Structure formats: structure tokens, C-alpha cells
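# Structure at a glance
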Amino acid sequence: MRGVEQIPWAYDAICGALEWSGLGRWRRWLAGGARGRTLDLGCGTGRNLPLLPAGVRAVGVDPCAQTLARARRRSPGALLVRARAEALPFRDGAFDTVVSGFVLCSVSDPAASLGEVRRVLAPGGALRLLEHVRSARPAWARLQDWIQPAWTAVSGGCHPNRETGRAVERAGFSIEGEGRRASESVLRFQARPPEGG
Ligand SMILES: C[S@@+](CC[C@H](N)C(=O)[O-])C[C@H]1O[C@@H](n2cnc3c(N)ncnc32)[C@H](O)[C@@H]1O
């Protein structure tokens, strides 16, 4: 499926405008809390990569070759791998942090992807997530359900109405703090896998 997410200049133009109008501080929060060996899941055009703290060893994965090419220009020092979240080509416990920005709305199988995130996180590691989700307002949520098929086609895979916070908990992660909403339909939190894997 090809849509905005697979057209790097279009994705960057939209994201740049959204970040300028407020989303930028959530992206800085997402990347700024990464520690150690860090996987940027679904890194897209690489907008998180330059925001990672100094000393972080970054690996980005994405299934789209065009977006990876732009990510490579944006962050020449990062290791970039063409792969899907549902089948990560890394050993168990390979990462201290996984950052995921607006990706679990787009993967084909959120449960399998979260299982892989859990597998590749080292003990004590953290999943940091920024995601737009099904709205807390019922009328808005119904509208998201209604527009989902067209939205998914135009965006190239994104689902506006996924309950990703619940999916993260179902996968066994504990969401730290209150798992704050950045807005009614944007969630951001850090979560930890259960001790002992
Ligand atoms: C909305 S973009 C987000 C890009 C980037 N994380 C950001 O914050 O700007 C969604 C990204 O998820 C990627 N994606 C879609 N399906 C995926 C999958 N199964 N595994 C990993 N990434 C996927 C897309 O190629 C796209 O780059």
C-alpha cells in the first residue's frame, strides 16, 4: 500500500507543519528519554534520530526503502535496517530503549510487533511511545471509525482509531506514571516489559 507515509517529501512536509504547531515538543520528549542501545521502530524519514541524546547508539528500522534513504541523509551515523516490526532481525535483549513514534497505528499486526519489541528489549529496558489513538471523546471516536478506510488508503497504512495503549498493556508492558495523553487522541508514555522477560 503506497500513501503519504511512503512519499518522504510529503510526509516530512506534513510532519514539519505539525511539529511547528506543537507536536515538536512531544517528539523531543520521545527521543530525549532514550538511553543506551536504541531502536527507532518504524523510523520513517528519521525525524527522531537527530533528537536522540549524545552517547545513544541508534538503529532505525522501517520497511520502506524510500523513507530509509531520507533517514540516511538526515542521520548518517545511524545504522538503518529494512525490516518490519513484526519480525525484527535482532537478537533477544539487544536494546535498552525502543522508541516508537506513530508506528503502531501503521503496522499490520500490533500484537506481533509488541511481542517483538518485548523480545528485543534488555532486562530493565523501556518502550517509549508517541502515538495517535482512538479518541477519548465518543463522537470523535465514531468519526475516526467512519473515516478509517479512506484514511488508511490515503496515508498508506495508518489506522486513526487503534487502542494502542490497551494493546501495549495486553502485551504485558506496565505503563509508567499515568501514561499521559498529549491531547485527546495523542498518547505518550514510557512502558516496561515484565521483569524476567
Ligand atoms: C507515520 S510514519 C512514522 C515515522 C516516524 N516514526 C516518525 O515519527 O516520523 C509510520 C512509519 O511506520 C512504517 N511502518 C509501516 N508498517 C511497518 C511495519 N510493519 N514495521 C515497521 N514499520 C512500519 C512506515 O513505513 C512509516 O515510515
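Report on the accompanying structure. All figures in this text were calculated on a predicted structure; none of them were measured in a lab. (Residues numbered from 1 in each chain as written. Predicted model: local features only at pLDDT ≥ 70, side-chain atom pairs only at ≥ 80, totals over all residues. Heavy atoms only, no water.)

### Comments concerning the packing of aromatic side chains
- All told, the structure shown has one aromatic pair when counted by the stated rule.
- Ring plane angle 90° and centroid distance 5.1 Å describe the contact between F90 and F95, whose orientation is recorded as edge-to-face. In terms of burial, F90 and F95 fall into one category: buried.
- The side chain of R188 reaches across the aromatic face of W29, ending 4.6 Å from its centre. (Phe/Tyr/Trp six-rings, centres within 6.5 Å; stacked < 30°, edge-to-face > 60°. Buried < 20%, exposed > 50% of the residue type's maximum accessible area, 1.4 Å probe, protein only. Lys NZ or Arg CZ within 6 Å of the ring centre and 35° of its normal.)

### Some details on the site of the ligand
- Close to the ligand lie 18 residues; Y11, R27, G42, D62 and A85 are nearest.
- Within the backbone of A85, an N or O atom sits 2.8 Å from a nitrogen atom of the ligand.
- Here a nitrogen atom of the ligand and a side-chain polar atom of E86 are 2.8 Å apart.
- In isolation the ligand exposes 590 Å². Once the protein is present, 96% of that is buried.
- Across the shell around the ligand, the residue classes break down as eight nonpolar, five polar and five charged. (Near = heavy atom within 4 Å. Polar contact = N/O pair within 3.5 Å; in protein donor to acceptor, adjacent residues only side chain to side chain. Areas by Shrake-Rupley, 256 points an atom, 1.4 Å probe, with all protein chains shown as cover. Nonpolar A, V, L, I, M, F, W, Y, C, P; charged D, E, K, R; others polar.)

### Things to note about helix α4 (residues 138-155)
- Within α4, the axis deviates most sharply at Q148, by approximately 55°, and proline P149 lies no more than four positions further along.
- Looking one or two places after α4, you find G156, whose phi comes out positive at around 90°. (Bend = angle between axes of the 7 residues up to and from the residue. Helix = DSSP H or I, 4+ residues; strand = E, 2+ residues; numbered from the N terminus.)

### Overview of the state of the cysteines
- Within this structure, the stated rule accounts for zero disulfides.
- No disulfide involves C105; its nearest neighbouring cysteine sulfur is the one of C158, lying 3.9 Å away. (Disulfide = S-S within 2.5 Å.)

### A few points about a nonpolar patch on the surface
- Nonpolar side chains collect at one region of the surface, where W140, L143 and W146 lie side by side and expose about 390 Å² of accessible area between them.
- On the secondary structure map, L143 appears in helix α4.
- On the accessibility criterion, L143 (35% relative accessible area) is partly exposed. (Patch = residues over 30% accessible without salt bridge, like charges linked within 9 Å, V, L, I, M, F, W, Y side chains within 5 Å. Salt bridge = Lys/Arg side-chain N within 4 Å of Asp/Glu carboxyl O.)

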